[in-house]
Amino acid sequence: EYWKKIAPRFNPHPPPYRHGPDTYYCNLLRIKLTKFSEPPLYIALSQNEFCDDLLPPMPVFYDNRRKREKFAVCIQKGIFGIPAETLISFVELNKALGASFITIWIQTIEESVYNAMIPYVESGLVEMLDWKVTTPIRNYGTHAACNECVYRNIHRAEYVALTDIDEAFIPYKHDDWFGMLDDLGKITKITDYAGFRFESLPWRDKGNHSKIKLKCNSTFLPYYFKNTYRLKGFDKQRPKMMLSMDRAIAGHNHIIPYYKKGAKQC
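The present account deals with the structure reproduced in this document. Just so we're clear, the structure is a prediction, and the values are computed from it rather than from any experiment.

Attention shifts here to helix α4 (residues 177-184). Restricting attention to buried positions, one finds in α4 the residues W177, M180 and L181. Take α4 and look down its axis: the buried residues cluster within an arc of 90 degrees, on one side only. One side-chain oxygen of the residue at the start of α4 lies 3.2 Å from the amide nitrogen of F178, identifying that residue as D176.

A word on the state of the cysteines. Inspection of every chain in the model, using the stated rule, returns one disulfide. Here C74 connects covalently by a disulfide to C149, the sulfurs 2.0 Å from one another. Since a negative S-S torsion denotes a left-handed disulfide, the C74-C149 link at about 85 degrees is right-handed. Here C74 is found in strand β5 (residues 69-75), whereas its partner C149 is found in helix α3 (residues 142-153), with 75 residues between them in sequence.

Moving on, we get to the environment of A44. Position of A44 relative to the elements: it lies in the loop between β3 (42-43) and β4 (58-59). The spacing of A44 and P57 is 13 residues in sequence and 4.5 Å in space, taken between C-alpha atoms. Sequence-distant contacts of A44, defined by excluding residues within four places in its chain, comprise L54, L55 and P57.

With that settled, consider the packing of helix α1 (residues 84-97) against helix α2 (residues 111-123). Put simply, α1 and α2 touch, their axes get as near as 9 Å, and they point 25 degrees apart. The pairing of α1 with α2 is recorded here as roughly parallel in orientation. With respect to the hand of their crossing, α1 and α2 are arranged in right-handed fashion. Here A84, L87, I88, V91 and E92 of α1 come into contact with α2, specifically with S112, V113, A116, M117 and Y120.

Turning our attention to the nonpolar core. L87, V91, I102, I104 and W177 are the most contacted members of the largest nonpolar core, which totals 33 residues. Put simply, the parts of the chain that give this core at least two residues each are β5, α1, β7 (101-108), α2, β8 (126-130), β9 (157-163), α4 and β10 (193-200). When residues in this core are grouped by element, the largest group, seven residues, is from α1. Ignoring any residue separated from it by four or fewer positions in sequence, one finds W177 in contact with F71, V73, N94, L97, G98, A99, F169, P171 and M242. In this structure, F101, V150, A194 and L243 belong to the second largest nonpolar core, which totals 19 residues.

Quick look at the packing of aromatic side chains now. Enumeration over the complete set of coordinates arrives at seven aromatic pairs. Seen from their ring centres, F71 and W177 are 5.4 Å apart, and the 70 degrees between their planes marks the pair as edge-to-face. A residue pair is termed long-range when its members are at least 10 positions apart, and F71 in strand β5 and W177 in helix α4 qualify at 106 residues. Given a relative accessible area of 0%, F71 falls into the buried group. Assessed through its relative accessible area of 0%, W177 is described here as buried. Where Y159 meets F196, the ring centres are 6.2 Å apart and the plane angle is 35 degrees; that geometry is what we call tilted. Residue Y159 is found in strand β9, and its partner F196 is found in strand β10; the two are separated by 37 residues along the sequence. Judged on exposure class, the residue Y159 and its partner F196 are both buried. One aromatic cluster in this structure is built from F71, Y159, F169, W177, F178, Y193, F196 and F198.

Conventions we followed
- Residues numbered from 1 in each chain as written.
- Predicted model: local features only at pLDDT ≥ 70, side-chain atom pairs only at ≥ 80, totals over all residues.
- Heavy atoms only, no water.
- Buried < 20%, exposed > 50% of the residue type's maximum accessible area, 1.4 Å probe, protein only.
- Helix = DSSP H or I, 4+ residues; strand = E, 2+ residues; numbered from the N terminus.
- Arc of directions from axis to C-beta.
- Polar contact = N/O pair within 3.5 Å; in protein donor to acceptor, adjacent residues only side chain to side chain.
- Disulfide = S-S within 2.5 Å.
- Contact = heavy atoms within 4.5 Å.
- Axes fitted to C-alpha atoms, helices over the stretch in contact; angles between N-to-C directions.
- Parallel < 35°, antiparallel > 145°, perpendicular 65-115°, else oblique.
- Left-handed = near helix turned anticlockwise from the far one by under 90°.
- Core = buried A, V, L, I, M, F, W, Y, C linked by side-chain atoms within 4.5 Å.
- Phe/Tyr/Trp six-rings, centres within 6.5 Å; stacked < 30°, edge-to-face > 60°.

Remember that the coordinates give geometry; whether it matters functionally is a separate question.
What follows is the structure, encoded as structure tokens:
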């Protein structure tokens, strides 16, 4: 596996999807199936058919993770300056909608934010990956995060939702994503699609939530209870993606750039 950077002039994504010269794609090298008397501990690659001049050996890892789940979620970029309450709200909402895994890339956050995530990390719901980047890079890490998300979840989820910290896939007629896809499967063959493209519908906080009272003993009001003002019309320029891990090859926050032959994008 290796990552290759694409020169700006070859960037396949037109505006507004192009965020500068930072497009990377993961390439996987495959070999013919070979019978072994016992599983190898490592492999080495050669650049010629005689298998000399070997590249450095690479260890072989075996996937011993739990069975494949239905849905996973990835925040499409590294987060910074996010209050703990906002991240908790994001995790709880996606958990309620059907997510079994949530991947969060960190840039710079307060220690209190990480501490708030510890119970979720220990339960296996959340994984937090520190990019070790101290300067906010905003969109310039988006493609890397989306592609890494795809390859992290190939064997542990059937579908992956790529979203931002202030966004969510809310079914209009169903309580969760399970019911949404079941209903979608009644009108089309969903196994033909590399993913689903949902148009954005913005909601805004107009400050009219003072009368909202929570039944639970919460010290804060989640953002999705505050954003109650619905704007007119969809944002067709910034759709959000839910990818099929059986058919998508690469990820992006607004399109499916590459998918397997014969698959379609909805």
